[in-house]
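Chain residues, written in single-letter form:
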Amino acid sequence: AAALRKTFEAGTTKPLKWRLEQLDALEHLLREREADIVEALRQDLRKPANESYGAEIGMNLTDIAYTKKRLAGWMKPERVPTALIAQPGRSVIVREPLGVVMIIAPWNYPFQLCVLPLIGALAAGNCALVKPSEVSTATSALVAEWFPKYLDRSAVQVMEGGVPETTALLREKWDHIFYTGNGTVARIVMEAAAKHLTPVTLELGGKSPCIVDETADLDAAAKRIVFGKFYNAGQTCVAPDYVLVQDSVHDALVNRMVSTIREFYGDEPQRSPDFGRIINERHHARLTRLLDGANVVTGGETDAADRYIAPTIVRDVSPSDPMMQEEIFGPILPVIAVPSVEAAITQVNRGPKPLALYVFSRSKTNQHRVISTTSAGGSTINHVWMHVGVPSLPFGGVGESGMGAYHGKYSFDTFSHRRAVLRKPNLSEPPIVYPPYAPWKLKWLKRMI
């Protein structure tokens, strides 16, 4: 951190030219090392090339292009009204970089979530230390190898390692910590940050529900839910964690999802090149335990040696079952029948606020009812997690699903300080605000305020 702070204090990172150069360098890295990135992700997660490109390369390219086009405008001082008491004067908000920030990335989208926060950190003019996940070893090695070859090494550093290295980093003083991962580690990060009064962004997860009512287009709902759930073998923080479906269409939806799984991945998903693997043996064992005693409609097969768990749908799930007590984060989808949309809303509101919530309905009334009476980090109506790919929307959690937001300008704002500046002219002022005070001065002061 000391070397990065020296670079920041020298003013290297503040000019627009430097920021754009770093964004260009990131873009070149994404385009020129595409094959290396895809291969690293294949090694770590058996991630299909289409998913690697879409989520880990394409999404970053979109955010870079969006940011480069608007960055000069974001950096300009923003003029705001000046209160009468401060007249004559001119009030502006100046956005300045925070300084030296740390980005701690997870293993499920291990490349995207190193790069996407870094886009905002560099756009805002910061120095950054990037800590890739040690669980996704191939991607961590790739980040450590190529970031220094493309980016300004005096301003961006990569630190590999596990818990001891991360613990040591958390003892240092940072100007912002950006963490993506689970709530348990987030509490450790926040506690360490508190010792230095360091602000944090926590991108976490939770049990993101999917509500399907009796008016929904079941064919579209089945295809979109299956796609969103089993993308990256279910290891997605905004994946539909469970489905609450109106009981009158429960069986029809389940049957369509079973057919969709077969359509996407064939009769033997383990042989499909389009279905990924669980990150490691520990997570595979955890997911396997969740299937104990479950009423499996389709799937359920596991292979520890291959880190494989079949795309699985489970029915007749109770709110007290283990798979309803924690974020599943794998290719297991509980489907629960509910008598009404109101019952679904009640069940959602009994739990912590999720990172995402989805509603499938043709009814504008039901869509509005779900959105207005629940709370979630973000939502997509009649699809899943597509809102995450819109750079003009903030992405972030609420409550236990996280704090703070990023993507597009929200990333720039996250890594910037909004500095208040009032510029006063050297003109003579009326004496009413200065001592000696008098009743007539108080009278005019009240009028001015």
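Since the structure is predicted, the reported quantities are computational estimates derived from the model, not experimental observations.

Colleague: If you had to explain the overall build of the chain to someone new, which residues and values would you point to?
Modeller: The helix and strand inventory of the chain stands at 15 helices and 18 strands. The dimensions of the chain, computed from C-alpha atoms along their principal axes, are 85 × 55 × 40 Å. Out of the 449 residues belonging to the chain, those deemed buried represent 52%. Restricting the contact set of the chain to residue pairs at least 6 apart, pairs at least 24 apart contribute 72%. Summed over all atoms, the accessible surface of the chain reaches about 20,200 Å², with 54% contributed by carbon and sulfur.

Colleague: For the sheet that holds strand β6 (residues 176-180), give the residues involved together with the corresponding values.
Modeller: The strand order β5-β4-β3-β6-β7-β17 describes an open sheet built from 6 strands, whose pairing is mixed. Two strands in the sheet have a free side with no partner beyond their single neighbour: β5 (156-158) and β17 (402-403). In the sheet, strand β7 (residues 200-203) pairs with β17 via 2 bridges, with the strands oriented antiparallel. For E203, the partnering residue across the bridge sits in β17 and is G402. Running over the sheet, helix α5 (residues 112-123) touches β3 (100-104), β4 (127-131), β5 and β6 and is turned about 165° from β3.

Colleague: So, helix α13 (residues 364-373): which residues are in play, and what are the values?
Modeller: N366, Q367 and V370 are the residues of α13 that are buried. Down the axis, α13 shows its buried residues gathered within 105° of arc, on one side only. Turned more than 90 degrees off the buried face of α13, the exposed positions are K364 and H368. Turning to α13, the residues buried within the fold contact β8 (209-212), α12 (341-350), β15 (356-360) and β16 (378-381).

Colleague: Lay out the layout of surface pockets in plain terms, naming residues and giving numbers.
Modeller: As a volume, the second largest pocket reaches approximately 450 Å³. Lining the second largest pocket are 25 residues, and of these M59, Q112, W385, V388 and G389 sit closest to its centre. Every element with two or more residues in the lining of the second largest pocket is listed here: α4 (49-75) and α5. Per-class residue counts for the lining of the second largest pocket are 16 nonpolar, 7 polar and 2 charged.

Colleague: Break down the environment of A337 for me, with residues and values.
Modeller: In this fold, A337 is placed in strand β14 (residues 332-338). Linking A337 and R315, residues 22 residues apart in sequence, is a C-alpha distance of 8.5 Å. Leave out the neighbours within four places in its chain, and A337 touches V245, D247 and H250.

Colleague: Lay out the sheet that holds β8 with the relevant residues and their values.
Modeller: Read from one edge to the other, the open sheet built from 7 strands follows the order β10-β13-β14-β9-β8-β15-β16, with strand pairing classed as mixed. Only two strands of the sheet have a single partner each, and these edge strands are β10 (295-298) and β16. Here the strands of the sheet are splayed against their neighbours by 25° on average, with no regard to which way each runs. Note: β15 against β16, 4 bridges, orientation parallel. Opposite V359, over in β16, you have I381 as the bridge partner. On top of the sheet, helix α9 (residues 218-230) reaches β8, β9 (242-246), β13 (312-315), β14 and β15; it is set at about 145° to β14, its chief contact. On the sheet, α13 packs against β8, β15 and β16 and is oriented at approximately 175° with respect to β16.

Colleague: Which residues make up the pattern of salt bridges, and what values do they have?
Modeller: Throughout the structure, instances matching the rule amount to 26 salt bridges. The salt bridge partner of R315 is D251, with a shortest N-O separation of 3.6 Å. Here R315, found in strand β13, pairs with D251, found in helix α10 (residues 250-265); they are 64 residues apart in sequence, far enough to count as distant. The partly exposed category is assigned to D251, whose relative accessible area is 43%. Each of D24, E27, R31 and K68 takes part in salt bridges that share partners, so that together they form one network.

Colleague: Tell me about the packing of aromatic side chains, and please be specific about residues and values.
Modeller: Considering all chains together, one arrives at 14 aromatic pairs under this definition. Aromatic side chains Y66 and W74 sit 6.3 Å apart centroid to centroid with 50° between the ring planes, which places their arrangement in the tilted category. Note on W107 and F329: the rings are 5.5 Å apart at their centroids and 90° apart in plane angle, and the pair reads as edge-to-face. Linking W107 in the loop between β3 and α5 with F329 in the loop between β13 and β14, this pair joins segments that are 222 residues apart in sequence. The exposure class of W107 is buried, given its relative accessible area of 13%. Following the ring pairs from residue to residue traces out a cluster consisting of F178, F395, Y406 and F415. One Lys or Arg, K149, reaches over the ring of W146 and ends 4.6 Å from the middle of that ring. The aromatic ring of W444 is capped on one face by R447, whose charged end is 4.9 Å from the ring centroid.

So, how was this worked out
Position numbers for residues count from 1 along each chain, tracking the sequence in the order it is written. Whole-chain, interface and lining totals are the exception, using all residues; otherwise, since this is a predicted model, local features are given only for residues with pLDDT of at least 70 and side-chain atom pairs are given and counted only at 80 or more. Hydrogens and water are ignored here; the side-chain numbers use all heavy atoms of the structure. By the criteria applied, helices consist of DSSP H or I runs no shorter than four residues and strands consist of E runs no shorter than two, each listed in order from the N terminus. Accessibility here uses a 1.4 Å probe with only protein chains present; expressed as a share of the type maximum, an area under 20% marks a residue as buried, one over 50% as exposed, and anything in between as partly exposed. We call two residues contacting when some pair of their heavy atoms lies within 4.5 Å. Per-residue and other accessible areas follow the Shrake-Rupley method at a 1.4 Å probe size, with only the shown protein chains counted as cover for residues. Whether two strands pair depends on DSSP finding at least two bridges between them. Simply put, an axis is a line fit to the C-alpha atoms, just over the touching stretch for a helix, and the angle between two N-to-C directions goes from 0 to 180 degrees. The arc in question is the one traced by the directions running from the helix axis out to the C-beta atoms. With a 1 Å grid laid over protein atoms only, a set of points is called a cavity when a 1.4 Å probe fits there but cannot get out and a pocket when it is open yet has protein on both sides within 12 Å along at least five of seven lines; lining residues have an atom within 4 Å of a point. Grid points are joined across faces, edges and corners, and a volume is the space filled by probe spheres set on the points. Under this grouping Gly is polar, as are all residues other than the nonpolar Ala, Val, Leu, Ile, Met, Phe, Trp, Tyr, Cys and Pro and the charged Asp, Glu, Lys and Arg. Each salt bridge in this description consists of a side-chain nitrogen of Lys or Arg and a carboxyl oxygen of Asp or Glu lying within 4 Å of one another. Centre distance within 6.5 Å is the pairing criterion for rings of Phe, Tyr and Trp, where only the six-membered ring of Trp is used; planes under 30 degrees apart are then read as stacked, over 60 as edge-to-face, and the remainder as tilted. Both a distance and an angle decide whether a charge sits over a ring: NZ of Lys or CZ of Arg must be within 6 Å of the ring centre and within 35 degrees of the ring normal.

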